[in-house]
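Take a look at the letters that make up each chain.
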Amino acid sequence: MTARILDGTKIRDQIFAELRDEVRLLSSAGVRPGLAAVLVGENSASQLYVKSKIAACEELGLASALIKPPANVSTLDLLAVVEDLNRDNDVDGILVQLPLPPQVDTKRILEAVDPSKDVDGFHPVNLGRLVSGRPGLVACTPAGCMEILRRNDVKIEGANAVVLGRSDIVGKPMALLLMHANATVTICHSKTRDLPNVLRRADIIVAAIGKAGYVEADWIKPGAAVIDVGTNRVTDPEEAARLFRNFPDRLEKFHAKRSALVGDVHPAAINTAGALTPVPGGVGPMTISMLMSNTVKAARLRRASPKFSATQSTATAR
Ligand code: NAP
């Protein structure tokens, strides 16, 4: 049996089409949602991520701004940048690209973002809302995984779901979302005993550990739905041979490029899983879609709130 491919790019296109309609509606009411991205330093992966987020804004007709503090910025100076964006009424979403340099207190920066503009869903207020099942802005990657499951009609209610990884930005919110959708959720981490057998009971697996091809095909119950969040760059030919031993096309591509992007799930899982997200082209495109969706949602909610009207009239009176 070959798994059904859960194509994130296709769902991204659907979500973008829906968002375009919503942006058009907002624009007829005089509102243009805006995202501000804060990119500290010259980390090349971060630069690439931010570039694609800004490109997505342009594609959808959202306003965007890129703020680039120097790599040696202090926590206090970065707090001032965030405060400015909090006060700016044209900014609906604030994205602080992680990781921040070591001299910066990351938690303090993330907690300084106005929760109503926290489009990454990292602020404790939004996390608290998620815990208690109240509406709020939800972290983009786990929200994207839920969209993949829902839009592919994967049955969540009553399913045994195993989340592999317990990070604040993926594993924990993912487990909460699945629990709120009535799955029975198990969270696994580096201290979990007998992981293969825990996974073998899962109807749904979400793997987010950052280890290329770690989840073996025979750890997956035949027919299970597997969401592979991992994004790992493989450059070691021996590692590539282990991962792509039955995939000559992928091995050939690896040798041509001397690297390949691989998830946390071994590619051979395609022969045991019932449904599987590819890497690349699965969860990755969904993360950006949910960031755009959160920005539009933040614009809609914030600009309809009495607090916003009050700041607007104060600004006009000045
Ligand atoms: P993270 O903060 O490093 O957390 C990794 C988690 O995996 C930890 O909870 C860790 O357990 C657990 N873990 C590590 N090795 C394990 C093992 N051998 N067995 C079981 N659990 C293990 O990572 P993250 O930020 O959540 O990201 C995870 C992966 O997702 C990375 O590859 C990242 O690049 C990718 N990612 C992709 C997207 C996307 O848009 N596609 C977005 C975000 C992240 P402990 O807590 O016990 O240490």
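Residues numbered from 1 in each chain as written. Predicted model: local features only at pLDDT ≥ 70, side-chain atom pairs only at ≥ 80, totals over all residues. Heavy atoms only, no water.

## Some words on the overall build of the protein
Move 1: Of regular secondary structure, the protein possesses 12 helices and 11 strands.
Move 2: By the compact-globule yardstick of 20 Å for 318 residues, the protein fits well, its C-alpha radius of gyration being 21 Å.
Move 3: Taken along its principal axes, the extent of the C-alpha atoms in the protein is 70 × 45 × 35 Å.
Move 4: Looking at the 318 residues of the protein, the share that counts as buried comes to 50%.
Move 5: A total accessible area of about 15600 Å² is found for the protein, and carbon and sulfur atoms account for 54% of it.
Move 6: If the 39 positive side-chain charges of the protein are averaged to one point and the 34 negative ones to another, these points end up 2 Å apart. (Helix = DSSP H or I, 4+ residues; strand = E, 2+ residues; numbered from the N terminus. Rg over C-alpha atoms; globule rule 2.2 N^0.38 Å. Buried < 20%, exposed > 50% of the residue type's maximum accessible area, 1.4 Å probe, protein only. Areas by Shrake-Rupley, 256 points an atom, 1.4 Å probe, with all protein chains shown as cover. Lys, Arg positive; Asp, Glu negative; His and termini not counted. Charge placed at Lys NZ, Arg CZ, Asp CG, Glu CD.)

## So, the pattern of salt bridges
Any two side chains of opposite charge can pair if their charged atoms end up close together.
Move 1: One pass over the structure, following the stated rule, counts 13 salt bridges.
Move 2: Notably, a salt bridge pairs Lys 221 with Asp 203, separated by 2.6 Å at the nearest N-O pair. A residue pair is termed long-range when its members are at least 10 positions apart, and Lys 221 in the loop between β7 (204-207) and β8 (225-228) and Asp 203 in the loop between α8 (195-200) and β7 qualify at 18 residues.
Move 3: Overall, Asp 203 belongs to the partly exposed group, its relative accessible area being 27%.
Move 4: A salt bridge links Arg 242 to Glu 216; its shortest N-O distance comes to 3.6 Å. Taken together, the residues Arg 242 in helix α9 (residues 237-243) and Glu 216 in the loop between β7 and β8 connect sequence positions 26 residues apart.
Move 5: Given a relative accessible area of 27%, Arg 242 falls into the partly exposed group.
Move 6: Ionic contacts of the salt-bridge type, sharing partners, join the residues Glu 18, Glu 147 and Arg 151 into one network. (Salt bridge = Lys/Arg side-chain N within 4 Å of Asp/Glu carboxyl O.)

## Some details on the domain arrangement of the protein
Reports often express the size of an interface as the amount of accessible area lost when the parts come together.
Move 1: Segmenting the protein into domains produces domain 1 (29-115) and domain 2 (140-285).
Move 2: Using C-alpha coordinates to define each centre, domain 1 is positioned 29 Å away from domain 2. (Domains from an automatic or database assignment.)

## Quick look at helix α7 (residues 171-180)
Move 1: For α7, a buried count of 7 out of 10 residues is recorded, marking the element as mostly surrounded by other parts of the structure.
Move 2: For α7, every residue scored as buried is listed here: Gly 171, Pro 173, Met 174, Ala 175, Leu 176, Leu 177 and Leu 178.
Move 3: For α7, the elements touching its buried residues are α5 (124-131), α6 (140-151), β5 (160-164), β6 (184-188) and β7. (Contact = heavy atoms within 4.5 Å.)

## A look at the site of the ligand
Move 1: Arg 166, Ser 167, Ser 190, Lys 211 and Thr 287 are the nearest of the 21 residues found near the ligand.
Move 2: With respect to the ligand, the side chain of Tyr 214 contributes an N or O atom lying 3.2 Å from a nitrogen atom.
Move 3: Within the complex, 70% of the 930 Å² of free accessible area of the ligand lies under protein.
Move 4: Among the elements that line the shell around the ligand, the one with the most residues is helix α11 (residues 283-304), at 3 residues. (Near = heavy atom within 4 Å. Polar contact = N/O pair within 3.5 Å; in protein donor to acceptor, adjacent residues only side chain to side chain.)

## Focus on the packing of helix α1 (residues 8-28) against helix α2 (residues 44-60)
Move 1: Between α1 and α2, the shortest axis-to-axis distance is 10 Å and the interhelical angle comes to 55°. Comparing their axes, α2 and α1 come out oblique. Packed against α1, whose contacting residues are Phe 16, Leu 19, Arg 20 and Val 23, the element α2 presents Ala 56, Glu 59 and Leu 60 at the interface. (Axes fitted to C-alpha atoms, helices over the stretch in contact; angles between N-to-C directions. Parallel < 35°, antiparallel > 145°, perpendicular 65-115°, else oblique.)

## Topic: the nonpolar core
Move 1: Within the largest apolar cluster, 56 residues are counted, with the highest numbers of intra-cluster contacts made by Leu 178, Ile 204, Ile 227 and Met 292.
Move 2: Broken down by element, the residue count for this core peaks at 8 residues, all from α11.
Move 3: Contact partners of Ile 227, with chain neighbours within four places excluded, come to Leu 6, Cys 145, Ile 148, Leu 149, Ile 205, Val 206, Ala 207, Thr 277 and Val 283. (Core = buried A, V, L, I, M, F, W, Y, C linked by side-chain atoms within 4.5 Å.)

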